[in-house]
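Listed here are the chains, written in short residue letters.
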Protein chains: 2
Amino acid sequence: MTSEIPLQAVEELLLSVTRSAVPLLSETTAHILSAGGKRLRPRLVLLAYAAAGGTNIDEAVPLAAAVEIIHTATLVHDDINDHGTLRRGRETVNSRWGSTFALLTGDFMFTKTYEIMAPQPAELNRILARAATQLVEGETLQIQAARQGTLDRDTYYEIIARKTAALFVACTELGATAAGAPPEWVEALSTYAFNLGLAFQIVDDILDLIGDEQTLGKNAGMDLAQGRGLGAVRDDSNAPDALPATALQVTSDTAGGPFKESLLADHSLETAIALGRAKAQELVERALASLDILPPSPAVEELRHLARQVISRDR
Amino acid sequence: MTSEIPLQAVEELLLSVTRSAVPLLSETTAHILSAGGKRLRPRLVLLAYAAAGGTNIDEAVPLAAAVEIIHTATLVHDDINDHGTLRRGRETVNSRWGSTFALLTGDFMFTKTYEIMAPQPAELNRILARAATQLVEGETLQIQAARQGTLDRDTYYEIIARKTAALFVACTELGATAAGAPPEWVEALSTYAFNLGLAFQIVDDILDLIGDEQTLGKNAGMDLAQGRGLGAVRDDSNAPDALPATALQVTSDTAGGPFKESLLADHSLETAIALGRAKAQELVERALASLDILPPSPAVEELRHLARQVISRDR
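Residues numbered from 1 in each chain as written. Chains lettered and ligands numbered in written order. Predicted model: local features only at pLDDT ≥ 70, side-chain atom pairs only at ≥ 80, totals over all residues. Heavy atoms only, no water.

Caption draft 1: Representation of the overall build of chain A. In terms of helices and strands, chain A carries 14 helices and 2 strands. Working note: accessible area of chain A is about 11,700 Å², and carbon and sulfur atoms make up 51% of it. (Helix = DSSP H or I, 4+ residues; strand = E, 2+ residues; numbered from the N terminus. Areas by Shrake-Rupley, 256 points an atom, 1.4 Å probe, with all protein chains shown as cover.)

Written out as structure tokens, the structure reads:
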């Protein structure tokens, strides 16, 4: 089932490219980059490249490293805004080095992403640059909605489309475009990635509600505490209010503890989770179906496998 | 004396390119970008393009906008770290919208810089990406040195080379390379820009010590309060200690006020300022001399004029 994708080369590039003349920046970036993570986005780049018929997969390695670094940069900055203390099973950069150096570490990772991509063709740079803007826009929308205490279903989807699905789409577009794939294959992989990205984020939001910090390797219960995510969606149309409006004002101090348990006993939140799971399942089906036009290959099989894993994962 | 450079087109691009689907980001970026500023970096790009014999200056406009946006992004992030309240005569983004949205505004400006540059040739992207990394490294070094309470002359120059001169060099390299200039012209303009960048930062540090907030349009006295800048350099070789070590621990609450005046009465700080002025003068001479190999033109004349202004400016 495992196709031959050079993930080890990506790991090496992640660390070598973020070495800095300023030792502190090498240290902070290595801290978060060597902690692992699922490497889902680099996998998407490499598998899309292979699935789209690319013949020299080494040329996709810098693209895979670039998306992982920019993704990690946004995590480092998000952890400043959320006061997160745990990420990928380790102390956050923010928690260990303080918010000033965490801010600069995120900036450094942005500029390193740009450095990796600079020698690449303009078409690939356009793809990643557009997605990078959407990441920032999605995060901004999310914080605005949380502060306003209003999160309807449409806004929830707009947020997760920008902050998660956009980069998934960029991953497969980068891989497939670098492979020289015909437009309809690029399009099929984009449809796969967009639906997978939405499903991934819905499951992520569910895990934040019900998951265990140890297994997740990051803080849980942050979403409810900050008035965001699936549990904060208020929608009259096909789901009861997921949360009483007052819950949206709760500070992050209460994250995780008894507050979470009381909410899980709440029927409406259970309903939101059940609806979320059903929606994620539906999105994954759509993702899988879009792959049908691609010629069968180990890479396509692995893309299918990966989509099913997104649903069944517990971290 | 004024050569025809399309600065108005740069202004328009700055605002049009940072319009976002998320209105808040359009608002925060317009707040800081429309406040003006000296536009020194865009001028350098456009003048270098013209001085290097470029014939279609409109093609340098996106490059000029890109450097101004990335420069402004670093100001927005610096203002978070410094708790700055005044920038370009306006309230800082941090002060008006809070640190979370200021962080995202800076990130948004980074990704917009990347979007503007994406269609450009790889050679130009390499130039800006390398400088962007140096900006972040310089800022990191500066904060580290301030926290450690040790700033020797070499470290001071390494900091200002990275955080200021590197982007000045990128400006002229971008302009001259886009113009298709021969390597020796690019080199001459780089030497000009590097020396000008160092001189500019030394004068900036002097203005922070003695300047008036109203005229500067930004907080003054921040450097001493935070243990950085020219006044914090400790060097036995050719200048007395500029500051007693204890002054480096002073918090930003004391910036500007009586603390500053007592330091200005201090002979050693006066000496540091005098030495700084002499050094800036010497660097500007070097910058001017490097232009001699370029064919005479209104653009070269304006580059000379600009270098002299750097010394005489009061903001």
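From this point on, the discussion continues.
Caption draft 2: Representation of the nonpolar core. By size, the foremost hydrophobic cluster in this structure holds 210 residues, and its most contacted members are L46(A), L128(A), Y192(A), L46(B), L128(B) and Y192(B). Non-local contacts of L128(A), meaning those with residues more than four positions away in its chain, are made with A66(A), V67(A), I70(A), T113(A), M117(A), L167(A), L174(A) and Y114(B). (Core = buried A, V, L, I, M, F, W, Y, C linked by side-chain atoms within 4.5 Å. Buried < 20%, exposed > 50% of the residue type's maximum accessible area, 1.4 Å probe, protein only. Contact = heavy atoms within 4.5 Å.)

Caption draft 3: Expanded view of empty space enclosed by the protein. Counted by the stated rule, this structure contains 3 cavities of 30 Å³ or more. Considered as a void within the structure, the second largest cavity measures approximately 110 Å³ in volume. If you go around the second largest cavity, the residues you meet are I70(A), F110(A), T111(A), T113(A), Y114(A), A132(A), I70(B), F110(B), T111(B), T113(B), Y114(B) and A132(B). Looking at the lining of the second largest cavity, the elements that each hand over two or more residues are α6 (99-117) of chain A together with α6 (99-117) of chain B. Residue composition of the lining of the second largest cavity, grouped by class: 8 nonpolar, 4 polar and no charged. (1 Å grid on protein atoms, 1.4 Å probe; cavity = no way out; pocket = protein on both sides within 12 Å on 5 of 7 lines; lining within 4 Å. Points joined across faces, edges and corners; volume = space filled by probe spheres on them. Nonpolar A, V, L, I, M, F, W, Y, C, P; charged D, E, K, R; others polar.)

Caption draft 4: Fine view of the confidence of the model for chain A. The predicted model of chain A averages 88 in pLDDT, with 89% of residues at 70 or higher. This complex was scored by the predictor with a pTM of 0.90 and an ipTM of 0.90. (pLDDT = per-residue confidence, 0-100.)

Caption draft 5: Broad picture of the relation of the copies chain A and chain B. Superposing chain A onto chain B takes a rotation of 180° combined with a translation of 0.0 Å along the rotation axis, leaving an RMSD of 0.0 Å. Read as a symmetry element, the transformation amounts to a two-fold axis. (Least-squares fit on C-alpha atoms with pLDDT ≥ 70 in both.)

Caption draft 6: Representation of the pattern of salt bridges in the model. Residue and element names in this part refer to chain A. Counting across every chain of the model gives 32 salt bridges over all chains. Among the ionic pairs, D204 bridges to R313, the shortest N-O distance being 3.0 Å. With D204 in helix α9 (residues 183-210) and R313 in the segment after α14 (298-312), this residue pair connects regions lying 109 residues apart in the sequence. Each of the two residues, D204 as well as R313, counts as buried. (Salt bridge = Lys/Arg side-chain N within 4 Å of Asp/Glu carboxyl O.)

Caption draft 7: Geometry of the interface of chain A and chain B. In this complex, chain A contributes 39 residues to the contact, which on the side of chain B involves 40 residues. The tally of links between chain A and chain B comes to 0 salt bridges. Our count for the contact surface shared by chain A and chain B stands at 12 residue pairs in polar contact (both at pLDDT 80 or more). Elements supplying a minimum of two residues to the side of chain A that touches chain B: α2 (23-33), α4 (61-82), α6 and α7 (122-148) of chain A. (Polar contact = N/O pair within 3.5 Å; in protein donor to acceptor, adjacent residues only side chain to side chain.)

Caption draft 8: Region of the structure containing the environment of R41(A). Residues and elements named next belong to chain A. Here R41 is to be found in helix α3 (residues 40-51). A relative accessible area of 9% means that R41 is categorised as buried. Once the C-alpha coordinates of R41 and V93 are considered, the two residues, 52 residues apart in sequence, prove to be 21 Å apart.

Caption draft 9: Geometry of the packing of helix α3 (residues 40-51) of chain B against helix α9 (residues 183-210) of chain B. Residue and element names in this part refer to chain B. Two numbers describe how α3 lies on α9: the axes approach to 11 Å, and their chain directions differ by 160°. Taken as axis vectors, α3 and α9 run roughly antiparallel relative to one another. The two elements α3 and α9 meet at a crossing, and its hand is right-handed. Every residue of α9 that contacts α3 at L40, R41, L44, A48 and A51 is listed here: W185, L189, Y192, L196 and F200. A per-class count over the contact of α3 with α9 returns 9 nonpolar, no polar and 1 charged. (Axes fitted to C-alpha atoms, helices over the stretch in contact; angles between N-to-C directions. Parallel < 35°, antiparallel > 145°, perpendicular 65-115°, else oblique. Left-handed = near helix turned anticlockwise from the far one by under 90°.)

Caption draft 10: Representation of the packing of α9(A) against α14(A) within the structure. Residue and element names in this part refer to chain A. Here α9 crosses α14 at 20°, and the two axes come no closer than 9 Å. Accordingly, the angle class assigned to the pair α9 and α14 is roughly parallel. Crossing of α9 over α14 shows left-handed handedness. Between α9 and α14, the residues in contact are L189, Y192, L196, A199, F200 and V203 and L303, L306, A307, V310 and I311, respectively. Tallied by class, the residues present in the contact of α9 with α14 amount to 11 nonpolar, no polar and no charged.

Caption draft 11: Geometry of the packing of aromatic side chains. Enumeration over the complete set of coordinates arrives at 6 aromatic pairs over all chains. With centroids separated by 5.4 Å and ring planes inclined at 45°, the aromatic side chains of F168(B) and F200(B) adopt a geometry described as tilted. Residue F168(B) is located in helix α8 (residues 153-178), and its partner F200(B) is located in helix α9; the two are separated by 32 residues in the primary sequence. Each member of the pair, F168(B) together with F200(B), is buried. Over the aromatic face of F200(A) sits the side chain of R313(A), whose NZ or CZ is 4.0 Å from the ring centroid. (Phe/Tyr/Trp six-rings, centres within 6.5 Å; stacked < 30°, edge-to-face > 60°. Lys NZ or Arg CZ within 6 Å of the ring centre and 35° of its normal.)

Caption draft 12: Examining helix α2 (residues 23-33) of chain B more closely. Here α2(B) lies mainly inside the structure; 8 of its 11 residues are buried. Of the positions making up α2(B), those classed as buried are L24(B), L25(B), S26(B), T28(B), T29(B), H31(B), I32(B) and L33(B).

Caption draft 13: Main features of the environment of D223(A). Residue and element names in this part refer to chain A. As for its placement among the helices and strands, D223 is situated in helix α11 (residues 222-225). Overall, the relative accessible area of 9% leaves D223 in the buried class. Expressed as a C-alpha distance, the spacing of D223 and D205, which sit 18 residues apart in the sequence, is 7.4 Å. In this structure, D223 is in contact with D205, D208, R228 and G229, ignoring residues within four places of it in sequence. A polar atom in the side chain of D223 sits 2.7 Å from the side chain of R228.

Caption draft 14: Spatial organisation of α9(B). The first and last C-alpha atoms of α9(B) sit 40 Å apart over 28 residues, in line with the 40 Å expected at 1.5 Å per residue. The buried fraction of α9(B) amounts to 21 of the 28 residues, a majority that puts the element mostly inside the structure. (Expected span 1.5 Å × (residues − 1).)

Caption draft 15: A look at the environment of G180(B). Residue and element names in this part refer to chain B. You can see G180 is positioned in the loop between α8 and α9. The exposure class assigned to G180 is exposed, which follows from its relative accessible area of 57%. Spatially, the C-alpha atom of G180 lies 7.0 Å from that of G54, the residues being 126 residues apart in sequence.

Caption draft 16: View of unusual backbone geometry. All names here are of chain B. Of note in the backbone geometry, H83 takes a positive phi value of approximately 55° without being a glycine. Summarising the element assignment, H83 is placed in the loop between α4 (61-82) and β1 (86-87). Its identity as a non-glycine residue notwithstanding, R88 has a phi of 50°, on the positive side. Position of R88 among the secondary structure elements: in the loop between β1 and β2 (90-91). What makes R88 buried here is its relative accessible area of 15%.

Caption draft 17: Structural view of the side chain of T28(B). Residues and elements named next belong to chain B. Here T28 lies in helix α2. For T28, a relative accessible area of 0% translates into the label buried. Here T105 takes part through its side chain, which lies 2.9 Å from a polar atom of the side chain of T28. Non-local contacts of T28, meaning those with residues more than four positions away in its chain, are made with V93, W97 and T105.

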